[in-house]
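# Examination of the molecular architecture
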Amino acid sequence: MVSTFLLRPICKLLEEGFPESTFFKFRRKKTFFHKFTVTSQKKKYSTVRYLPSQIQAVCLLLTIGLSLSNARSQSIALEDYERAVSFLWSNVENKTAFNLQIQPHWLPDSTGFWWINHSPNSKEYRYATFTEANAKPLFDHARLATALQSKFRKRFDPKNLVLNDVEKPSTQIIRFTVEGTRFELNVDNYSIVEHKENKKVASPYESTSPDGKWVAYTENYNLFIRSTETGAVHQLSKNGRKNYEYGSYYGWFDKMEGEGGERPRRFNVNWSPDSKYLQTYICDLRSANKMYMLDWSVDTLYRPRLLSYYRGSPGDTNMVHLIPTFYSLKKKKQLSLNLPRLTHINSISFRWSKTTGQAYGYYQDRGFQNAKVLQLDLTKNRVITLVTDNSKTNIDNFRYWLAEEQDKLVFASERSGWRQLYSLDLKKGGIRPLALGSYYTHDILHISSDGWVYVLAAGKDPRGNPYHQSLYKLRIEGGDPILLTPEEAHHSISFAPNGQYFIDNYSTASQPTRTVLRDTKSGKVIMELGKANISALKAKGWKAPDIFTAIGRDGKTKIYGALWKPTNFNPAKKYPIIDHSYTGPHTQVFPKDFRRALSVSNQALAELGFIVMMVDGLGSSGRSKEFHNYSYKNMGYNLADHVLAMRQLAQRYPWIDLDRVGIFGHSAGGYDAGHAMLQFPDFYKVAVASSADHDFRMEKAWWPEMYMGWPVDSSYHRVSNVTMADRLKGKLLLVHGALDDNVNASATFKLAEALVKADKQFDLLILPSQRHGYRGKYMDYFRKKRWNYFVEHLLGADPIWDFSWQ
């Protein structure tokens, strides 16, 4: 038997949970006793002599203790939090990582551009001309600092000048704002004077025609025009009234206070370039439903304010409607055009043609399965359908571009199974593809006067990463795309206004950014603007996230993701894994560039002792239409690929502990976090769900109707977190801003009610003054709650509350 005295050092360690650096040392002695020493975290607990017969019992006790300790968790210290804080994006961007995305500012005469170069010791304003392609200081920083010092009577650091709204209208003049004052600098003599622009402040409730001859305005909910030459007034509409308002629009965040409160006044008209026609809408609010909020955040009030805003939910018929109207300035009357009255979520939008009396319109039917591009001939009151697009699921991201110099209209469609470009001949009719292939076309950045179309596309090379975008050019008549950015990376492109040059920031999650100026015709690099400097980041032990692939739930499709590990990662340990989720089908989360890999701040959370994962499963965007369709009417199963990915990763990496899986997300990601605990209650153990749309029937109408379908059917009920509340097993923290006018907090309260009725334990945090995104100290508070929720319930350690965010 082992005595209490002999067990004392071991019991002490069992109580403290066996810190990482715990060592046991046996020394076999020639004497009757053997010597046993216990050392933990450089502290010698005890040296005890054991009889040989007692050694077996001691070893058994140690084995049991170590097993229990590992099952519980590792400890956490203040230095872990401090390290985590240091990797937050706000403490990384241009503090330990510099020039991750250089933003060009084009000169108004199209001769060049300027930018800011950041480094550990300075912030320098630079510029270059296209002809010289040589970086120079935009101004003498020391001389400007001296000039500012004389104005403000305080020191300015020439290596860290904070200038806002910088303009270079001419070779000698630079304008900027410092501490709210606008200045003009003459670089010939470095004199600075306060610059006051003599711009007439236009009324937000009036609009002057391009030729300056007419002013449009509203009065008593009707539309009027007034001659600037004679003062003559013409009333263009007569049946306007409150809630049926001409020249108005629907403001997404328009709020009304109190019962029967007034919405903000809104005015908007759209003049044709030749000033001969006017387009606007009737904003019809007569039967529109509202959503409500209570504001408890005003310090001087002791009753909450009732706030409301017009917002339709999926399936609603009582919504804000927008009725398009056109007017002839010559006839001073409304034109008779057969245009649809649509809801605010699918209203028709217009753009003017270069041909007098013509315009184009675009809209989708409710349910987003049919799209149309129209051509309007205002001289004949005629509307022609130019393009129709149809889908059995949904049409997401339909766009069109005008190229009237070539008599073409170009549009993006997924009719082939991939998002590709097609051109319509505006004179002869007929649609033909610009190019077809198994890749995704993201955007058109420029159409040149000589018929070249410059497009961003991803996945054209099947050997590459399908999320990395490259720039191609192709003929508007069709043909093979020509690659202009050959580096295997994600390319973020900004075209010069003249279209002859572009800036390319290219990088990957592990390859730091390089920024170059390129020639548009050939893609040739003309000059380098800068490279990312991450020496300070690497000095802290940072390593890029691990990019991985897994096989999706169809058993064949490759999905992509990333893993963030702590800088003190030990492959011999077991780590909980946290799924940072956002499966909203309109986007992807894969960190396709270097900046993204840092800005999501997953490294910060990893420093607390976790592996953090992001992955894009089947149903997310940017891949084939078949890939995207997996989420249609089935968003409740979007996390299936996340579970599969983690299971596959755990088979590759023994340091991933699938007994401790967490998840968090915001908005649609908050839905994921809540849904994970209900759809996969035996897999996910801890979740933080913030600002979530827990029941799509309570959401804004457009998003669920796009991805869950319209009319509303049983699929909405099937994927609702509220209807699954009785399945909760693990730890769930629900968070919402009480003033969230994007995703109303009502669904979070409804889920909380359902959890109470189901007798489930959960935690709830309401931020009374916050909207959909949390700001300032409220974001700090929420982040601390989220971190500590995982530290306590997933890591199993005692969380620390008091630490600094700097």
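### Some details on the overall build of the protein chain
Helices and strands together make up the secondary structure of the protein chain, namely 14 helices and 48 strands. Taken along the three principal axes of its C-alpha coordinates, the protein chain extends 115 × 70 × 65 Å. The 806 residues of the protein chain split such that 53% are buried. Within the protein chain, contacts between residues at least 6 apart in sequence are counted, and of these 56% link residues at least 24 apart. Total accessible area computed for the protein chain in this model is approximately 37,000 Å², and 48% of it derives from carbon and sulfur atoms. With 108 positive and 79 negative side-chain charges, the protein chain shows a spacing of 3 Å between the two charge centroids.

### Overview of the environment of Ser86
As for its placement among the helices and strands, Ser86 is situated in helix α3 (residues 78–86). Separated by 705 residues in sequence, Ser86 and Val791 have C-alpha atoms that sit 18 Å apart. In contact with Ser86, other than residues within four places in its own chain, are Asn91, Val92 and Lys540. Among the polar contacts listed, one links the side chain of Ser86 to the backbone oxygen of Arg83, at a separation of 2.6 Å.

### A short note on unusual backbone geometry
The step from Trp710 to Pro711 runs through a cis peptide bond, and the omega angle for that step is 0 degrees. In this fold, Pro711 is placed in the loop between α11 (702–708) and α12 (714–719). Positive phi, close to 60 degrees, is recorded for Tyr190, a residue that is not glycine. By the secondary structure assignment, Tyr190 is in the loop between β10 (181–186) and β11 (191–194).

### Points about helix α10 (residues 668–679)
Given 3.6 residues per helical turn, the α-helix brings residues three or four places apart onto the same face. The terminal C-alpha atoms of α10 lie 15 Å apart, and with 12 residues this matches the ideal 16 Å at 1.5 Å per residue to within 8%. By the criterion of burial, α10 is predominantly enclosed, with 11 of the 12 residues buried. Every buried residue of α10 is listed here: Ala668, Gly669, Gly670, Tyr671, Asp672, Ala673, Gly674, His675, Ala676, Met677 and Leu678. In the core, the buried residues of α10 are packed alongside β45 (656–666), β46 (686–690), α11, α12 and β47 (731–737).

### Regarding the sheet that holds strand β15 (residues 233–235)
Taken in spatial order, the four strands make up an open sheet running β12-β13-β14-β15, and their pairing is antiparallel. Both edges of this open sheet fall to β12 (206–208) and β15, since each of them pairs with a single strand only. Averaged over all pairs of adjacent strands, the angle between strand axes in this sheet comes to 25 degrees, irrespective of strand direction. Inspection of the sheet shows β12 paired to strand β13 (residues 214–219) by three bridges, in the antiparallel sense. The residue of β13 that forms the bridge with Ser207 is Ala216.

### As for helix α4 (residues 141–152)
Here α4 is 12 residues long and its end C-alpha atoms lie 16 Å apart, about the 16 Å a rise of 1.5 Å per residue gives. All buried positions along α4 are accounted for by His141, Leu144, Ala145, Ala147 and Leu148. Summarising the axial view, the buried residues of α4 lie within an arc of 160 degrees, below the 170-degree limit, and thus occupy one face. Tucked into the core, α4 has its buried residues touching β6 (123–129), β7 (136–137), β9 (173–178), β10 and β11. Residue Asp140 occupies the N-cap position of α4, its side-chain oxygen lying 3.1 Å from the main-chain nitrogen of Ala142.

### Here's the deal with the nonpolar core
Core analysis: the largest hydrophobic core is formed by 46 residues, its most contacted members being Leu598, Leu608, Phe610 and Trp787. It is helix α14 (residues 776–795) that contributes the most residues to this core, seven residues altogether. With 42 residues, the next largest nonpolar core counts Tyr560, Ile611, Val661 and Ala676 among its residues.

### Topic: the environment of Lys168
Its place among the elements puts Lys168 in the loop between β8 (164–167) and β9. When the C-alpha positions of Lys168 and Pro433 are compared, they lie 42 Å apart, and in sequence the two are 265 residues distant. Sequence-distant contacts of Lys168, that is, excluding residues within four places in its chain, are made with Leu107, Pro108, Leu138, Ile173 and Ile174. In this structure the side chain of Lys168 is engaged in a polar contact, spanning 3.0 Å, whose partner is the backbone oxygen of Thr171.

### Brief notes about the packing of aromatic side chains
The geometry of an aromatic ring pair comes down to the distance between the two centres and the angle between the two planes. Within the structure shown, the criterion is met by 43 aromatic pairs. Where Phe683 meets Tyr684, the ring centres are 5.3 Å apart and the plane angle is 80 degrees; that geometry is what we call edge-to-face. For the residue pair Phe683 and Tyr684, the accessibility class agrees, reading buried in each case. Between Tyr781 and Trp801, the ring centres sit 5.4 Å apart and the planes meet at 75 degrees, which makes this aromatic pair edge-to-face. Placement of the pair is Tyr781 in helix α14 and Trp801 in the segment after α14, with a sequence separation of 20 residues.

### So, the sheet that holds β6
Strand order in this open sheet of four strands is β4-β5-β6-β7, and the pairing throughout is antiparallel. For this open sheet the edge positions go to β4 (105–106) and β7, each flanked by a neighbour on one side alone. Pairing analysis gives two bridges linking β6 to β7, with the strands arranged antiparallel. Bridge pairing in β7 links Arg126 to Pro137.

### Remarks on the confidence of the model for the protein chain
Detailed conclusions should not be drawn from predicted coordinates in areas where pLDDT is low. On average, residues of the protein chain carry a pLDDT of 92, and 91% of them reach 70 or more. For residues 38–48, every residue scores under 50 in pLDDT, and the model assigns this stretch 36 contacts once sequence neighbours within four places are set aside. Note on residues 63–73: pLDDT under 50 across the span, and 15 contacts to partners over four residues away in sequence or across chains.

### So, the packing of α3 against α14
One can describe the packing of α3 onto α14 by two numbers: an axis separation of 13 Å at closest approach and a directional angle of 140 degrees. Accordingly, the angle class assigned to the pair α3 and α14 is oblique. The two elements α3 and α14 meet at a crossing, and its hand is right-handed. When α3 is examined against α14, the residues Tyr81, Ala84 and Val85 are found in contact with a partner set consisting of Trp787, Asn788 and Val791. For the contact of α3 with α14, a count of residues per class yields five nonpolar, one polar and no charged.

### With respect to the pattern of salt bridges
Scanning all chains against the criterion turns up 41 salt bridges. Of the charged contacts in the structure, one is a salt bridge between Asp254 and Arg263, with a shortest N-O distance of 3.5 Å. Looking at Asp254, the relative accessible area reads 7%, which means it is buried. For Asp407, the salt bridge is made with Lys427, and the minimal N-O distance between the two is 3.8 Å. Taken together, the residues Asp407 in the loop between β29 (399–403) and β30 (408–413) and Lys427 in the loop between β31 (420–425) and β32 (431–433) connect sequence positions 20 residues apart. Residue Lys427 is classed as exposed on the basis of its relative accessible area, which comes to 65%. Residues joined in a network through salt bridges with shared partners are Glu245, Asp254, Arg263 and Arg266.

### As for the side chain of Asp284
Structurally, Asp284 can be placed in strand β19 (residues 277–284). A polar contact of 3.0 Å, which involves the side chain of Asp284, links it to the side chain of Arg341. The contacts of Asp284, once residues within four sequence positions are left out, are Asn243, Tyr244, Met319, Val320, His321, Ile323 and Arg341.

### A few points about the pairing of strand β20 (residues 290–295)
Residues Met291, Met293 and Asp295 of β20 are buried on one face, while the alternating residues Lys290, Tyr292 and Leu294, pointing to the opposite face, are not. Direction of pairing for β20 relative to strand β21 (residues 305–310): antiparallel, over a ladder of six bridges. Opposite Met291, over in β21, you have Tyr309 as the bridge partner.

### Points about the pairing of strand β26 (residues 358–364)
Remember that side chains alternate between the two faces of the sheet whenever the strand is regular. Counted residue by residue, β26 has six buried out of seven residues, so it is predominantly covered. Where strand β25 (residues 349–352) lies against β26, four bridges are found, and the strand directions are antiparallel. The residue bridging Phe350 from the neighbouring strand is Gly361, located in β26. Here β25 hands over to β26 after five residues, with Gly357 in that stretch at a positive phi of 85 degrees. Pairing geometry for β26 and strand β27 (residues 370–377), over seven bridges, is antiparallel. Counted as the bridge partner of Gln364 is Ala371 from β27. If you look at the hairpin formed by β26 and β27, you'll find five residues sitting between the two strands, and Gly367 has a positive phi there, around 100 degrees.

Conventions we followed
Residues numbered from 1 in each chain as written. Predicted model: local features only at pLDDT ≥ 70, side-chain atom pairs only at ≥ 80, totals over all residues. Heavy atoms only, no water. Helix = DSSP H or I, 4+ residues; strand = E, 2+ residues; numbered from the N terminus. Buried < 20%, exposed > 50% of the residue type's maximum accessible area, 1.4 Å probe, protein only. Contact = heavy atoms within 4.5 Å. Areas by Shrake-Rupley, 256 points an atom, 1.4 Å probe, with all protein chains shown as cover. Lys, Arg positive; Asp, Glu negative; His and termini not counted. Charge placed at Lys NZ, Arg CZ, Asp CG, Glu CD. Polar contact = N/O pair within 3.5 Å; in protein donor to acceptor, adjacent residues only side chain to side chain. Expected span 1.5 Å × (residues − 1). Pairing = 2+ DSSP bridges. Axes fitted to C-alpha atoms, helices over the stretch in contact; angles between N-to-C directions. Arc of directions from axis to C-beta. Core = buried A, V, L, I, M, F, W, Y, C linked by side-chain atoms within 4.5 Å. Phe/Tyr/Trp six-rings, centres within 6.5 Å; stacked < 30°, edge-to-face > 60°. pLDDT = per-residue confidence, 0-100. Parallel < 35°, antiparallel > 145°, perpendicular 65-115°, else oblique. Left-handed = near helix turned anticlockwise from the far one by under 90°. Nonpolar A, V, L, I, M, F, W, Y, C, P; charged D, E, K, R; others polar. Salt bridge = Lys/Arg side-chain N within 4 Å of Asp/Glu carboxyl O.

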